[in-house]
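# Architecture at a glance
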Amino acid sequence: MRGATHAKWAACAVAVALAATACGGGSDGGGGGGGGAGVVSSSWGDPQNPLEPANTNEVQGGKVLDMLFRGLKRYDPKTGAALNMIADKIDTTDSQNFTITLKDGWKFSNDEPVTAQSFVDAWNYGADVRNKQNNSPFFSDIVGYADVHPASGEPKAKTMSGLVVKDPKTFTVALKNKFSTWPETLGYQAFSPLPKAFFTDHAGWLNKPVGNGPYLVDSYTKGTGMKLRTWSGYPGPDKALNSGVDLKVYTDNNTAYTDLISGNLDLVDDVPAQQLKNVKNDLGDRYINQPALIIQTLTFPLYDPQWSKEGMENVRRGISMAINRDEITKQIFRETRTPAKDWTSPALGQKGGFSATLCGDACKYDPAAAKKLIQDAGGLPGGKVTLTSNVDTGSHRDWMDAVCNSINNALGEGPVCTVNPVGTFADFRNQQSSFKLTGPFRSGWQADYPLIQNFLQPLYYTGASSNYGKFSNPDFDKLVDEANQESDAAKAITKFQDAEKILVQQMPSIPLWYQNGSAGYAERLTDVALNQFSVPVYNEIKVS
Amino acid sequence: MTDTQIAGAPSAGAVVSKGGRKKKKDREASLWSDAIDDLRRNPVFLIGAFLVLCLLVISAVPQWFTDGSPFDSTACVLQDSLKTPSAEHWFGYDIQGCDVYTRTVWAARNSVIVGIVTTTLVTVIGGALGLLAGWTGGIVDSILSRFTEIFFAIPLLLGGMLIMSALPGNAWTVSLVLAILGWPQIFRIMRSSVLQNKNNDYVVAARALGAGTLRITLRHILPNAIAPVIVVGAISLGVYISAEAALSYLGIGVQPPEISWGLMVSDASVRWLQAPHVLLFPAVALSITVLAFIMVGDAVRDALDPKLR
């Protein structure tokens, strides 16, 4: 209850700061989250970076951008499919040069029309190294990126030569390589269009961002909260079904959760771990817990011959089968993780390339078969296996101990599996990226966009940026190349899955589990859902 | 403190044994026989000593008290995770499905090792240097005293954290580190005790009879100065055990796969609302152990301090 009192005070602070509602009465109409009739009040954290679309790569800023902006495409929150939003059509004949045509009628909330130039300017701004945008690598596939964003030194140009405006409704994009599923990446917020005001009055824009989404910023106080109201003139198909959203900054999620339970808040995303025990009692079916675009794996150091030599794939597969994922996700993670069944994430959806059967038996717990596989293949290298991870966050120590116990129980050869805890994430990353580890190590991967390509290519393609196990397989590379050249999205995804099947045979990494996103909401809300980035889909929420 | 001893024996060195034997006949008691007599009737000492004895047996032969072993790689089954105490498993299970009773019993060993080894080292180092400083005096005393003050200025836990973060964590390194930081206290007590004793008549007498420095120190000064050292040593034994638990709790003391109550408490503290028993049992075991040693130390102090009688 202390939390509740405290939070009420915090809510008052919001109200005072915004000079909108009196706070003495405690409840301000509406009967619920303090946001007034039809307004959803939701927990928030201060965004890490200024709210520029190409600079926001975390959830808190993402929440706002999802309400303020609509891009060429938008990921369907349910199926994960990238549907055309502003784009009328995206044509290509060679999977490398794309012609993008825009729909009519789109405008920013300051009545400026959304044109091809709005996109090209925004992308050039996002790519330019001088603007220090976090998401600039998203533009790195475009021809001319190296000129505006050289690895070192001064940029040679201000704009990327691969972007050409044909007319106000059409522009063309030239990519450096064939990348058939590139249009599917355009649902990511970094590709949002920007109004002219963004460039002419940048500071003013940051204080009160103007976009082309279903909401308008009513007021924004850094460190306290943001009020968003429905934009009545919104031309898009996905109009907001509520009258607004009040985002309130909480520094402690536990406080937000207590506020939700006591009726002072409508929506909390990311339910704190300490509350998981009570969440079913407190919220019943008003608790959402679903896989996000995050997968945790144990990657083998295949640069080490003792792990990569012929026949070791069976040992790697055996270790995978000795891990009781169901029990670990249930006991250690209290079902905030979902046992992995492939190398992608269920958030992709079946159409996006997720498959619950792809890994098959290799990801199923079968201690007897695991023992036999490992013994027949000559046993663990040196008779032992050491798991490495940082242990400063995320109960990594607990799950590694549990994985080791599971392996030791399955093999019955004494403590052959041990844990090598690394004190800090930075130190762990150092060891990982300098290829010094001699046993399997934790690797977590959060996809940048809901695309199977993003789960495979950066991690397992020969020489790829995050291929920390140095896995290299010509067949895998070939299938990925083919998939990237395939102009039909569905066929491309099948190709990627063929490539993924090579991972089943080779087991360069063991899929452990998908990380879940979670949210809890008040009784007066309906139609609450999380999208692939674990951000609530605010415009669909209905308030009763 | 020394009058009876001088009266009872020409050589103070023989006081301890002779006084003890004579006592029953003529009630002429020495400090030590009085103390033992006193302790025998002190319930605080008896309870404490009984607990300490139990603890020593448990840490010497834990397998007498439990069938399982925490080093058995197949002992923990995740299905049992966080199960509450039952008739078969008195203390319940921890997060990994390991039996908390087994782990609590086996963890006693590291605590007792740290307690005893540290106290021994502290007494030997502090005692020897204190004796040297007190007896020789002059420049040696000055140097040793200043040197001691350097160590004295470092808080036990803070210094322990600093040094342990650079050492591999096990019961022996923890003991060593605690001893390095703990000896100045004993040094000071020993030194002042020696200074108190060295001008007493029996020392002067011994010297007059031609006894050498070494002989006087070991046979006359040491036996009469050691009582306060023993008292402080006994009390601080409990302190060292809790310091080990604190270091292990912080993750820089004893390291897994070794076990320690501090580690167990640390593991359990994350979810103690959810499963309080996992935290409770090692914490209670630690408290009882520290209490037992402090009770014994307290009783010994009372017995050896005639002023309190």
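Scoring rules and cut-offs
- Residues numbered from 1 in each chain as written.
- Chains lettered and ligands numbered in written order.
- Predicted model: local features only at pLDDT ≥ 70, side-chain atom pairs only at ≥ 80, totals over all residues.
- Contact = placed C-beta atoms within 7 Å.
- Helix = DSSP H or I, 4+ residues; strand = E, 2+ residues; numbered from the N terminus.
- Nonpolar A, V, L, I, M, F, W, Y, C, P; charged D, E, K, R; others polar.
- Buried ≥ 20, exposed ≤ 12 C-beta atoms within 10 Å, placed from the backbone.
- pLDDT = per-residue confidence, 0-100.
- Axes fitted to C-alpha atoms, helices over the stretch in contact; angles between N-to-C directions.
- Parallel < 35°, antiparallel > 145°, perpendicular 65-115°, else oblique.
- Left-handed = near helix turned anticlockwise from the far one by under 90°.
- Pairing = 2+ DSSP bridges.
- Core = buried A, V, L, I, M, F, W, Y, C linked by C-beta atoms within 7 Å.

If you look chain A up in an unreviewed UniProt entry, it shows as ABC transporter substrate-binding protein from Streptomyces goshikiensis.

## Concerning the interface of chain A and chain B
Each partner contributes residues to the interface: chain A has 16 residues there, and chain B has 11 residues. Of all elements in the fold, only helix H11 (325-331) and helix H14 (396-411) of chain A reach the threshold of two or more residues within the side of chain A that touches chain B. For the side of chain A that touches chain B, the element with the most residues is H14 of chain A, which contributes 7 residues. By residue class, the composition of the side of chain A that touches chain B is 4 nonpolar, 8 polar and 4 charged.

## With respect to the environment of Phe 199 of chain A
Residues and elements named next belong to chain A. Summarising the element assignment, Phe 199 is placed in helix H5 (residues 196-200). Phe 199 sits in the exposed class, given 12 other C-beta atoms within 10 Å. Distance from Phe 199 to Tyr 125, taken between C-alpha atoms, is 9.1 Å for residues 74 residues apart in sequence.

## Examining the confidence of the model for chain A
Looking at chain A as a whole, the pLDDT averages 86, with 93% of positions reaching at least 70. With pLDDT under 50 throughout, residues 1-35 of chain A is counted as low confidence; its partners more than four residues away or in other chains account for 54 contacts.

## Describing the packing of helix H4 (residues 43-60) of chain B against helix H12 (residues 276-304) of chain B
Residues and elements named next belong to chain B. Contact pair H4 / H12: the axes reach a minimum separation of 8 Å and the direction vectors enclose 135°. If you check the angle between H4 and H12, you find them oblique. Handedness of the H4/H12 crossing: left-handed. Here Val 44, Phe 45, Ile 47, Gly 48, Ala 49, Leu 51, Val 52 and Leu 55 of H4 lie close against H12, whose contacting residues are Ile 288, Thr 289, Ala 292, Phe 293, Met 295, Val 296, Asp 298 and Ala 299. For the contact of H4 with H12, the residue count by class is 13 nonpolar, 2 polar and 1 charged.

## A closer look at the pairing of strand S4 (residues 87-92) of chain A
For a regular strand, side chains alternate in direction, first toward one face of the sheet and then toward the other. Residue and element names in this part refer to chain A. By the bridge criterion, 5 bridges tie S4 to strand S5 (residues 97-102) in an arrangement that is antiparallel. Looking across to S5, one finds that Thr 92 is bridged to Phe 98. Two successive antiparallel strands, S4 and S5, enclose a turn made up of 4 residues, where Ser 95 displays a positive phi of approximately 60°.

## Some words on the nonpolar core
With 144 residues, the main nonpolar core has Val 403, Ile 407 and Leu 456 of chain A as its most contacted residues. A per-element tally of this core places H14 of chain A first, with 8 residues. Ignoring anything within four residues of it in the chain, the contact list for Val 403 of chain A reads Ile 323, Ile 328 and Leu 387 of chain A. Counting residues in each nonpolar core, the second largest holds 77 residues, with Leu 31, Leu 237, Ala 245 and Leu 263 of chain B among its members.

## A few points about the sheet that holds strand S7 (residues 170-174) of chain A
All names here are of chain A. Read from one edge of the open sheet, 4 strands run S4-S5-S7-S6, paired in antiparallel fashion. Of all the strands in the sheet, the pair left with one neighbour each is S4 and strand S6 (163-167). Geometrically, the sheet is characterised by an average inter-axis angle of 20° between neighbouring strands, direction not taken into account. Contacts from helix H3 (residues 116-127) reach S5, S6 and S7, with the element oriented near 170° to S6.

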